[in-house]
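An overview of the molecular structure
Single-letter residue listing:
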Amino acid sequence: MPEAPAAWSASALLRPSRVRAGLGAATALVGLAFAAFLALAVATLLALVIVRVGGDWIDGIALLGGDRPRLHPRQLAMRELAVDVVRQGVLALLVVVAVRWRDGAAWRRTLALVAPVPPPWGPGAPGLTARRFAVILLAWPVIHITWVTGIADLFRMPIGRHTALSPGLTPAAATLWFAYVLVLAPVAEELLMRGALFARAREVFTARGAILATALLFAGAHLTPAGFARPVSLIPLALILGWVRWRSGRLWPGILLHAWSNLAMIAYVLGPA
């Protein structure tokens, strides 16, 4: 019986290993997606319970039994805002507690809250210098707004200009909303995505793979019943946040860029048409 050619034999040997590698990567991605879904679901559920109980107590509504009175539009708006705010706070706390339980004293390094040792980008490669990060911050609003508005037009969901906040929000509530968008959401989402999940992804993937995996998870977490417009519009932001996390080895530059990106979109939407 003639022997198989050497090239064919090598290909036959490599094919199963590639399949196993692909299955391992897919399994790891599913595990990361499940962890993200679980964290977000638990944070949302706890936020709903906290706001329901706290809101009823503040409004003098019986927690158990009796007919519930109809809430005014301002009460509904305040409760919706409270759920968003509480969810982000609970999410950040859940991430810190889970990582601390899993990694013990190394939890700060896992979440990139301290400088990595050794640097994550490899020997001889530049990290993220202050000048390079400043250039990113200066250029990013234009890139982000152009991409987001282009995707919105592509999906026939144009973004309005010179809009206003909900009339049901008081000045104090509006201030809380700005704090939620510019501080709470960037901190909580970066702790989860570019903190805990990025660290877990780096145990399986290369740096490029971890950036892509967390970008997909970040976009998927923003999927709404309206469709795929919002997730697609966030892909460039998710990719640059992952790149910044890898290059800097720290979490705070991504938090700053995330907040800066949110501020740019707020200014664009609330600003004059």
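Whatever comes next refers back to the structure up there.
Let us look at the structure shown here. Predicted, not measured: the structure shown is a model, and the values here were computed from it.

On to the overall build of the protein chain. Scanning the protein chain from terminus to terminus reveals 9 helices and 0 strands. Order of helices (α) and strands (β) in the protein chain, N terminus to C terminus: α-α-α-α-α-α-α-α-α. C-alpha extents for the protein chain along the principal axes are approximately 85 × 45 × 40 Å. For the protein chain, long-range pairs separated by at least 24 residues make up 76% of all intrachain contacts whose partners lie at least 6 apart in sequence. Counting every atom, the protein chain has about 16100 Å² of accessible surface; 71% of that belongs to carbon and sulfur. Across the protein chain, the 25 positively charged side chains and the 11 negatively charged ones have centroids separated by 10 Å.

Another point: the pattern of salt bridges. In total, this model carries 6 salt bridges according to the counting rule given. With its nearest N and O atoms 2.7 Å apart, the salt bridge here joins Glu190 to Arg194. Residue Glu190 and its partner Arg194 are both found in helix α5 (residues 171–202); the two are separated by 4 residues, about one turn of the helix. On the basis of relative accessibility, which here comes to 0%, the residue Glu190 falls in the buried class.

It is worth spelling out the nonpolar core at this point. In terms of nonpolar packing, the biggest core is built from 45 residues, with Val95, Leu197 and Leu257 touching the most fellow members. Those elements that place two or more of their residues in this core are α1 (6–59), α2 (73–103), α4 (130–154), α5, α6 (207–221), α8 (235–248) and α9 (252–270). In terms of residue count, the dominant contributor to this core is α5 (8 residues). Every residue in contact with Leu197, bar those within four places of it in the chain, is listed here: Leu32, Ala35, Ala36, Leu192, Thr214 and Leu217. The next biggest cluster of nonpolar side chains, apart from the first, holds 9 residues, and it includes Leu81, Ala173, Val181 and Ile266.

The next thing to look at is the side chain of His258. Here His258 shows up in helix α9. Not counting residues within four places of it along the chain, the set of residues in contact with His258 comprises Pro186, Glu189, Glu190, Phe218 and Leu241.

Next up on the list: α9. Taking 1.5 Å of rise per residue, 19 residues should cover 27 Å, and α9 covers 27 Å from first to last C-alpha, within 8% of that figure. All buried positions along α9 are accounted for by Pro253, Gly254, Ile255, Leu257, His258, Ala259, Ser261, Asn262, Ala264, Met265 and Ile266. Summarising the contacts, the buried residues of α9 are in contact with α4, α5, α6 and α8.

The full count for this structure, using the stated rule, is 2 aromatic pairs. Ring geometry for Phe133 against Trp252: centres 6.3 Å apart, planes inclined by 85 degrees, an arrangement best described as edge-to-face. Highlighted residues: Phe133 in helix α4 and Trp252 in helix α9, separated in sequence by 119 residues. Taking the relative accessible area as the measure of exposure, Phe133 reaches 9% and is therefore buried. Accessibility expressed as a relative area gives 48% for Trp252, which makes it partly exposed. Each ring, one from Trp177 and one from Phe178, has its centre 5.1 Å from the other, and the planes form 75 degrees; the classification is edge-to-face.

Cut-offs used in this document
Residues numbered from 1 in each chain as written. Predicted model: local features only at pLDDT ≥ 70, side-chain atom pairs only at ≥ 80, totals over all residues. Heavy atoms only, no water. Helix = DSSP H or I, 4+ residues; strand = E, 2+ residues; numbered from the N terminus. Contact = heavy atoms within 4.5 Å. Areas by Shrake-Rupley, 256 points an atom, 1.4 Å probe, with all protein chains shown as cover. Lys, Arg positive; Asp, Glu negative; His and termini not counted. Charge placed at Lys NZ, Arg CZ, Asp CG, Glu CD. Salt bridge = Lys/Arg side-chain N within 4 Å of Asp/Glu carboxyl O. Buried < 20%, exposed > 50% of the residue type's maximum accessible area, 1.4 Å probe, protein only. Core = buried A, V, L, I, M, F, W, Y, C linked by side-chain atoms within 4.5 Å. Expected span 1.5 Å × (residues − 1). Phe/Tyr/Trp six-rings, centres within 6.5 Å; stacked < 30°, edge-to-face > 60°.

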